[in-house]
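Structural overview
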Amino acid sequence: EPEVTQTPSHQVTQMGQEVILRCVPISNHLYFYWYRQILGQKVEFLVSFYNNEISEKSEIFDDQFSVERPDGSNFTLKIRSTKLEDSAMYFCASSERPGGREQFFGPGTRLTVL
Amino acid sequence: AQTVTQSQPEMSVQEAETVTLSCTYDTSESDYYLFWYKQPPSRQMILVIRQEAYKQQNATENRFSVNFQKAAKSFSLKISDSQLGDAAMYFCAYKGEEQGAQKLVFGQGTRLTINP
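Every value quoted in this text rests on a predicted model; they were computed, and no experiment measured them. (Residues numbered from 1 in each chain as written. Chains lettered and ligands numbered in written order. Predicted model: local features only at pLDDT ≥ 70, side-chain atom pairs only at ≥ 80, totals over all residues. Heavy atoms only, no water.)

Residues and elements named next belong to chain B. Residues Y25, W36, F75, L77 and Y90 are the most contacted members of the largest nonpolar core, which totals 26 residues. Elements supplying a minimum of two residues to this core: β3 (19-21), β5 (32-39), β6 (46-52), β8 (64-69), β9 (74-79), β10 (88-96) and β12 (110-115). When residues of this core are assigned to their parent elements, the largest contribution, 4 residues, is made by β10. In this structure, Y25 is in contact with T3, V4, Y32, L34, F68, Q69, K70, K73, S74, F75 and Y94, ignoring residues within four places of it in sequence. (Core = buried A, V, L, I, M, F, W, Y, C linked by side-chain atoms within 4.5 Å. Buried < 20%, exposed > 50% of the residue type's maximum accessible area, 1.4 Å probe, protein only. Helix = DSSP H or I, 4+ residues; strand = E, 2+ residues; numbered from the N terminus. Contact = heavy atoms within 4.5 Å.)

A separate point is the environment of A53 of chain B. All names here are of chain B. Locating A53 in the fold gives a position in the loop between β6 and β7 (60-61). What makes A53 buried here is its relative accessible area of 5%. Remark: the alpha-carbon pair of A53 and G96, spanning 43 residues in sequence, is separated by 9.8 Å. Filtering out sequence-adjacent residues up to four positions away, A53 remains in contact with S30, Y32, F68 and K70.

Let us look at the pattern of salt bridges. Under the counting rule described, the total for this entry stands at 6 salt bridges over all chains. E44 of chain A serves as the salt-bridge partner of R36 of chain A, at 3.6 Å between the closest nitrogen and oxygen. A residue is classified by how much of its surface remains accessible, and E44 of chain A, at 23% relative accessible area, is partly exposed. Salt-bridge contacts for K73 of chain B lead to D26 of chain B; the nearest nitrogen and oxygen are separated by 3.8 Å. Here K73 of chain B, found in the loop between β8 and β9, pairs with D26 of chain B, found in strand β4 (residues 24-26); they are 47 residues apart in sequence, far enough to count as distant. What you see here is one network of salt bridges that share partners, running through E102 of chain A together with R50, E52 and K55 of chain B. (Salt bridge = Lys/Arg side-chain N within 4 Å of Asp/Glu carboxyl O.)

On to the sheet that holds strand β1 (residues 5-7) of chain A, then. Residue and element names in this part refer to chain A. Overall, antiparallel pairing links the 4 strands, which are arranged β1-β3-β8-β7 in an open sheet. Both outer strands of the open sheet, β1 and β7 (65-68), are each paired with one neighbouring strand and no more. Between one strand axis and the next, the sheet turns through 20° on average, direction left out of account. Note that β7 and strand β8 (residues 75-79) share 4 bridges and pair antiparallel. Of the residues in β8, the one forming a bridge with E68 is T76. (Pairing = 2+ DSSP bridges. Axes fitted to C-alpha atoms, helices over the stretch in contact; angles between N-to-C directions.)

Here the focus is the interface of chain B and chain A. Across the contact, 20 residues belong to chain B and 24 residues belong to chain A. For the pair chain B and chain A, the summed buried area comes to about 1900 Å², and 52% of that belongs to carbon and sulfur atoms. If you sort the residues of chain B by the area they bury against chain A, R43, Q102 and F106 of chain B come out on top, with a joint share of 36%. Across the chain B-chain A interface, the total number found is 1 salt bridge. One salt bridge connects E102 of chain A with R50 of chain B, and the closest N-O pair in it is separated by 2.6 Å. Our count for the chain B to chain A interface comes out at 7 residue pairs in polar contact (both at pLDDT 80 or more). Element by element, the count of residues in the side of chain B that touches chain A is highest for β5 of chain B, at 4 residues. Split by residue class, the side of chain B that touches chain A holds 9 nonpolar, 6 polar and 5 charged. (Buried area = accessible area lost by both parts, 1.4 Å probe. Polar contact = N/O pair within 3.5 Å; in protein donor to acceptor, adjacent residues only side chain to side chain. Nonpolar A, V, L, I, M, F, W, Y, C, P; charged D, E, K, R; others polar.)

Dropping the structure here:
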């Protein structure tokens, strides 16, 4: 069964460093998403991406964040200068279309900022 | 803005019994989708069940069913014949249908414990 994959599973970085989180969405999906879950809290939407551009973003997704689809398979989230409060689980998701069909989530990347 | 509320931070049930998890939401839209996601200790988000707001019939997936009350803006999840593998965090989520709205809005989650 097709699935969303994410690498790395755990990333530890120093405050102020740049990190890139990688995702490989399901191959025939066209819509891609990043969500964040701070430990013990709910899952929060960051950004959605379609046709090589951002289609929606939340207030959390400020200038420190960027997304890119550098090739036909990868979808990345970059955090330019990490802060302690960026420590969280980051989930990538994809869907065939933005309608009611479910978003399929990857296993997540745990980001720890020291 | 849409909000989703899960008022039960924790629930527990005996194995083989039935449990109901509550969810309410607030929206001014008439068309939307509601979801229940399961998050086991691995923290993977797994879709359990989906409901389209325009459908009056409650969705069912094997042991999982929902009670969708559109007027009350309530969307509860019933798990029948609970199994040890059902132990997880359960998140209720909302997705609007308006143009460009693609994000899922999640509730705070309910931690479900299954007692053997």
